[in-house]
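# Understanding the architecture of this molecule
Read off the chains here:
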Amino acid sequence: MTATLSAAEQTRHDDQAAAPVTMAAALNAALADSLAADERVLVFGEDVGALGGVFRITDGLTTRFSEHRVFDTPLAESGIIGTAIGMAMNGLVPVVEMQFDAFAYPAFEQFTSHLAKLRNRTRGRVALPVVVRIPFGGGIGGVEHHCDSSEAYYAHTAGLRVVTPGTPADAYRLLRQSISCPDPVIFLEPKRRYWSKETAVLTTEGPAIDQAVVRRPGQDVTLIAYGGMVATALEAAEAAAGEQWDVEVIDLRSLSPFDDETLVESVRRTGRAVVVHEAPGFAGYGAEVAARLTEQCFHYLEAPILRVTGLDVPYPPPHLEHLHLPNADRILDAIARLQWDDHA
Amino acid sequence: MTTFADTEPAVSAGSLLPSATPLQLIDADGRPAENPGGLSLPEQGILLELYRRMVIGRRFDSQATALTKQGRLAVYPSSRGQDACQVGSTLALRSHDWLFPTYRDSVAIITRGVEPAEALSLLRGDWHCGYDPYQYRVAPQCTPLATNTLHAVGLAHAASLKNEDVVALVLLGDGATSEGDTHEALNFSGVWKAPVVFLVQNNGYAISVPLAKQTAASTLAAKGIGYGVPSLLIDGNDAAAVYSAVSASVERAARGQGPTLIEAITYRVEAHTNADDATRYRASDEVQAWLARDPITRLETYLKAAGLLDEQAITRRAAEAEQFAERVRDLMNGTVDVNPGDLFDHVYAQPTAALEQQRAALLAEMEDGAR
């Protein structure tokens, strides 16, 4: 059922000159190219049709690919995930949208009890190549329930892959990779970066779906980030150069599975690490990162691995969110606390 | 062929409401029912097969209950009393249709042809699902309530999108109608006109909670109207009525006319599972009254009166069921064969590096005798 790529898509892959592209446009292109490349791919969710999604990520797709392939559903998240499971059982590749992070919670049972487990339950006989796109995180002045960082819930669930892009080019690559992946993928889109631009060629070539990448090489400390915090980490790394710290920034890309190899290599080399995320720190994803790296790098570490996270509070209202979210200053403070003087 | 859209409508024109009383083809005394609604009596060969499969299913069910007492099964939720629903609904499916069963629907699964050892894998505890869903077109038995309704709608809608003639039958209980997923599934199926049949086996209890505490609705079937889904209220202890209602609904779905909600009134004769004590929440005379309305006895009486079944045939059917039970006993009396590799092999399409490390560590533990 796999169709050949249209001339336009071929051009995008082979001959496209690097051009400025937003993450939103890159995601839209990834959906369009996946729909064009594989007839089994469907896109559905709330307001993804005529409206093109509340963030316009699915803009124009219904017109181009018909209502049979890109369509609005009733307003019910468990219904969306549950029916996506049934469609995948019947040979289709659903790419569904949850409108906002916190609005995915009604589907929690379908995520954890079925989407994550059906392959295991049936000893591999039932594969569920479902992609769930979820705009996540804060930084856009959203009111309550629109800014959650929900990654730990999914990453804790065996059987789900959890990925999140940090750049527009990677948004295209990771989404195409996720749609091609035989496992269910929770695709977390850092909504504060939808309008960030990068001059890039959109391609699926590059790091695999489960690989972390070094966004900025450095020798003194490994700064680990993902999603919306990648740009913040890079900003902090530039500022740290002024303090004579040569900071390496790693974009995790895949939260589950975790790329131990890339991370361990870096941390053993630098001897120091800070992990950054927007979500509250308590029992958060950063705790897993710090624990794994401590277990594997203990004798190489010059200082405890520190976490820079959101506060352990429910997500704040718009006028207070800047106090909650990690920024470059908070990251630099953490880097400064990495026991630089102990061996002086 | 049984239909209700082409003959006297079971769902009256202009209304999606079910009948006021459960439709029957054969009454509780085994006589032709006075008001079959739009249901039509299945042909003789089907009636005999319904009887045969119910006798086998009943024997399988009692054998499984006995196996729990011997410790051979971890748990068994019996469907005794719901035999007509289990067998009538499953036999009404075509070979290319799909069945979405729950944990209480083991008899439906073996009626569909799943090997008993594979069907009992979940309840024996050697794996969560022992059969290949694609081989039998039977989804894994669903333990969470009502979640399978959405899977059925999705699978059926996918068939529509692919222009495939496939209908999905999903089994659920009265308790499951209180779950949100049931409402979402009925709603999605109505909007999409998905080829789905919802069969609610209203057996009176959700573990210990009676229907009166589950809903204020006059019937569960009546819930269909809110979703634009036509519904049928039937006597769930009448195998002919179950078969007729489900096959008519399957045909209706296959014609592109969308979903049907069927409520079948039946009774869970046994406790919720072997771990439950039903005497804490219901009186034994209630159970006795339902035993007198046994679905197998009812069909047997009808078939004998119609001259389609004699004592010799009844004895043959019983002997066949006994052979089946013996085979189940033999299969379950063997040692449980489990593979530790199953823990890691199918979490993802390819085990992750971290899982491979855990596999190696577990194997080392086992070699050391620590496990």
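Residues numbered from 1 in each chain as written. Chains lettered and ligands numbered in written order. Predicted model: local features only at pLDDT ≥ 70, side-chain atom pairs only at ≥ 80, totals over all residues.

A few words on the packing of helix α7 (residues 147–161) of chain B against helix α8 (residues 180–192) of chain B. Residues and elements named next belong to chain B. Contact pair α7 / α8: the axes reach a minimum separation of 7 Å and the direction vectors enclose 15 degrees. With respect to α8, the axis of α7 lies roughly parallel. In this structure, α7 crosses over α8, and the sense of that crossing is left-handed. Across the interface between the two elements, Thr-147, Thr-149, Leu-150, Val-153 and His-157 of α7 pack against Asp-181, Thr-182, Glu-184, Ala-185, Phe-188, Ser-189 and Trp-192 of α8. Per-class residue counts for the contact of α7 with α8 are five nonpolar, five polar and two charged. (Axes fitted to C-alpha atoms, helices over the stretch in contact; angles between N-to-C directions. Helix = DSSP H or I, 4+ residues; strand = E, 2+ residues; numbered from the N terminus. Parallel < 35°, antiparallel > 145°, perpendicular 65-115°, else oblique. Left-handed = near helix turned anticlockwise from the far one by under 90°. Contact = placed C-beta atoms within 7 Å. Nonpolar A, V, L, I, M, F, W, Y, C, P; charged D, E, K, R; others polar.)

Attention shifts here to the interface of chain A and chain B. Between chain A and chain B, the contact holds 34 residues from the first and 35 residues from the second. The set of elements that each furnish at least two residues to the side of chain A that touches chain B consists of α4 (77–89), α5 (108–115) and α6 (118–121) of chain A. In terms of residue count, the dominant contributor to the side of chain A that touches chain B is α4 of chain A (nine residues). Grouping the constituent residues of the side of chain A that touches chain B by class yields twelve nonpolar, 15 polar and seven charged.

The next thing to look at is the sheet that holds strand β4 (residues 93–97) of chain A. Residue and element names in this part refer to chain A. Strand order in the open sheet formed by seven strands is β3-β2-β4-β5-β7-β6-β12, with mixed pairing between adjacent strands. Since the sheet does not close on itself, it has two edges, and those belong to β3 (70–72) and β12 (254–256), each with one partner. This sheet shows a mean twist of 20 degrees between the axes of neighbouring strands, independent of strand direction. Across the sheet, helix α2 (residues 23–37) is in contact with β2 (41–45), β4 and β7 (185–190); its angle to β2 comes to roughly 135 degrees. Each of β2, β4 and β5 (131–136) is contacted by α4, which is oriented at about 170 degrees to β4, the strand it contacts most. (Pairing = 2+ DSSP bridges.)

With that settled, the discussion passes to the domain arrangement of chain B. Assigned domains of chain B: these are domain 1 (44–338) and domain 2 (339–371). The straight-line distance from the C-alpha centre of domain 1 of chain B to that of domain 2 of chain B is 37 Å. (Domains from an automatic or database assignment.)

Further remarks concern the nonpolar core. Among the nonpolar cores identified, the biggest contains 196 residues, and Leu-223, Ile-224, Ala-233 and Val-274 of chain A together with Ile-262 of chain B are the most heavily contacted of them. Of all the elements, helix α9 (residues 239–254) of chain B adds the most residues to this core, at ten residues. In this view, Ala-233 of chain A contacts Leu-223, Ala-225, Val-249, Val-276 and Ile-331 of chain A; residues no more than four positions away in its chain are not counted. (Core = buried A, V, L, I, M, F, W, Y, C linked by C-beta atoms within 7 Å. Buried ≥ 20, exposed ≤ 12 C-beta atoms within 10 Å, placed from the backbone.)

Residue and element names in this part refer to chain B. Across the interface, helix α2 (residues 83–91) lies against α9 with an axial gap of 8 Å and an inter-helix angle of 35 degrees. α2 and α9 meet at a crossing whose hand is right-handed. Mapping the contact onto sequence places Ala-84, Cys-85, Val-87, Gly-88, Ser-89 and Leu-91 in α2 and Ala-239, Val-242, Tyr-243 and Val-246 in α9. Across the contact of α2 with α9, the residue classes tally to eight nonpolar, two polar and no charged.

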